[in-house]
Amino acid sequence: LKDGIRELGLEDKIDVLGPVDHDQLPTLLATATVCVVPAAADLTPNPTVVYPTKLLEYMACRCAIVAPRRETITQVVENNHDALLFEPGDPVDLARKVLRLLGEPALRDKIAQNAYERVRKDFTASAARRALRKAYNVLAERFADQLEDDDDAPKVEMLSDDDFEATLF
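Enquirer: How would you summarise the packing of aromatic side chains if you had to cite specific residues and measurements?
Expert: The tally for this structure, following the rule as stated, stands at zero aromatic pairs. In this structure, R62 packs its charged tip against the face of Y116, placed 3.7 Å from the ring centre.

Laid out in structure tokens, this is it:
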């Protein structure tokens, strides 16, 4: 990466950071003008699909986002509302979307605010717990015939949702 940056003459424009402690991530993200999700898996929607965590973190930190137009991304954000989506594998489209957000502060602020409101409404810790329970139920039903009825097996206690709807993951 550093060799590529040097070859392109971008040393004065790019800072390569080392590992960042997770607790310091919101502070670091708050300094960003635009956050980019460079890649995401192209998975069909199903109860066991995992969203890119960085996308949710960017949303929770009120960052304007550019992300690939992938099924896992479009389950979380709407193009031109919560993020700008680029065609995967098209660096020109990616650059165009980043430059648009850099050049249009009002759009950038609107997208960042919309993303923040969406993550606060739809992607709380309680929502994540419900989605995990749903995924486990789907898997348990799918593999029920392989599970033995064993009276000595440890029992699993399912917890109900709590009052922490505003907690983000």
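Read on, since the account is not over.
Enquirer: Break down the pattern of salt bridges for me, citing the residues and quoting the values.
Expert: Between side chains of opposite charge, pairing is possible as soon as their charged atoms come close. By the definition in use, this model includes eight salt bridges. Two residues, D93 and R96, come together in a salt bridge whose shortest N-O distance is 3.6 Å. Within this pair, D93 and its partner R96 are both found in helix α5 (residues 91-103), separated by three residues, close to a single helical turn. With relative accessibility at 7%, the residue D93 sits in the buried group. D93 is the salt-bridge partner of K97, the closest N and O atoms lying 2.7 Å from each other. With a gap of four residues between them, K97 and D93 both fall in helix α5, about one helical turn apart. Per residue, the accessibility class of K97 equals that of D93, and both read buried. Salt bridges sharing partners connect three or more residues here, namely D82, R118, K121 and D122.

Enquirer: Give me the lowdown on the packing of helix α3 (residues 53-60) against helix α6 (residues 105-122), citing residues and values where you can.
Expert: Remark: α3 packs on α6, axes separated minimally by 7 Å, with the N-to-C direction vectors making an angle of 110 degrees. Judged by the angle between their axes, α3 and α6 are roughly perpendicular. The interaxial crossing formed by α3 with α6 has left-handed handedness. Contact residues: α3 offers L56, M59 and A60, while α6 offers A115, Y116, R118 and V119.

Enquirer: Just give me the short version of the state of the cysteines, but keep the residues and values in it.
Expert: In the structure shown here, the tally under the stated rule is zero disulfides. Of all cysteine sulfurs in the structure, the one in C63 sits closest to C61, which takes part in no disulfide; the separation is 5.4 Å. Residue class for C63 comes out buried when judged on its relative accessible area of 3%.

Enquirer: Requested: an account of the confidence of the model for the protein, with residues and values cited.
Expert: Looking at the protein, the pLDDT average stands at 83 and 80% of residues meet or exceed 70. Between the elements of the protein, mean pLDDT differs from a low of 82, seen in helix α7 (residues 125-142), to a high of 97, seen in strand β3 (residues 84-86). In the predicted structure, residues 163-169 sits below a pLDDT of 50 and forms 19 contacts with residues beyond four places in sequence or in another chain.

Enquirer: Let's hear about the sheet that holds β3: which residues, and what values?
Expert: Judged by pairing direction, the sheet is parallel, and its three strands sit side by side in the order β1-β2-β3 without closing on themselves. Because the sheet does not close on itself, it has two edges, and the strands there are β1 (35-36) and β3. Pairing of strand β2 (residues 65-68) with β3 involves three bridges; the strand directions are parallel. The residue of β3 that forms the bridge with V66 is L84. Sheet strands in contact with α5 are β1, β2 and β3, and its direction is about 165 degrees off that of β3.

Basis of the calculations
- Residues numbered from 1 in each chain as written.
- Predicted model: local features only at pLDDT ≥ 70, side-chain atom pairs only at ≥ 80, totals over all residues.
- Heavy atoms only, no water.
- Phe/Tyr/Trp six-rings, centres within 6.5 Å; stacked < 30°, edge-to-face > 60°.
- Lys NZ or Arg CZ within 6 Å of the ring centre and 35° of its normal.
- Salt bridge = Lys/Arg side-chain N within 4 Å of Asp/Glu carboxyl O.
- Helix = DSSP H or I, 4+ residues; strand = E, 2+ residues; numbered from the N terminus.
- Buried < 20%, exposed > 50% of the residue type's maximum accessible area, 1.4 Å probe, protein only.
- Axes fitted to C-alpha atoms, helices over the stretch in contact; angles between N-to-C directions.
- Parallel < 35°, antiparallel > 145°, perpendicular 65-115°, else oblique.
- Left-handed = near helix turned anticlockwise from the far one by under 90°.
- Contact = heavy atoms within 4.5 Å.
- Disulfide = S-S within 2.5 Å.
- pLDDT = per-residue confidence, 0-100.
- Pairing = 2+ DSSP bridges.

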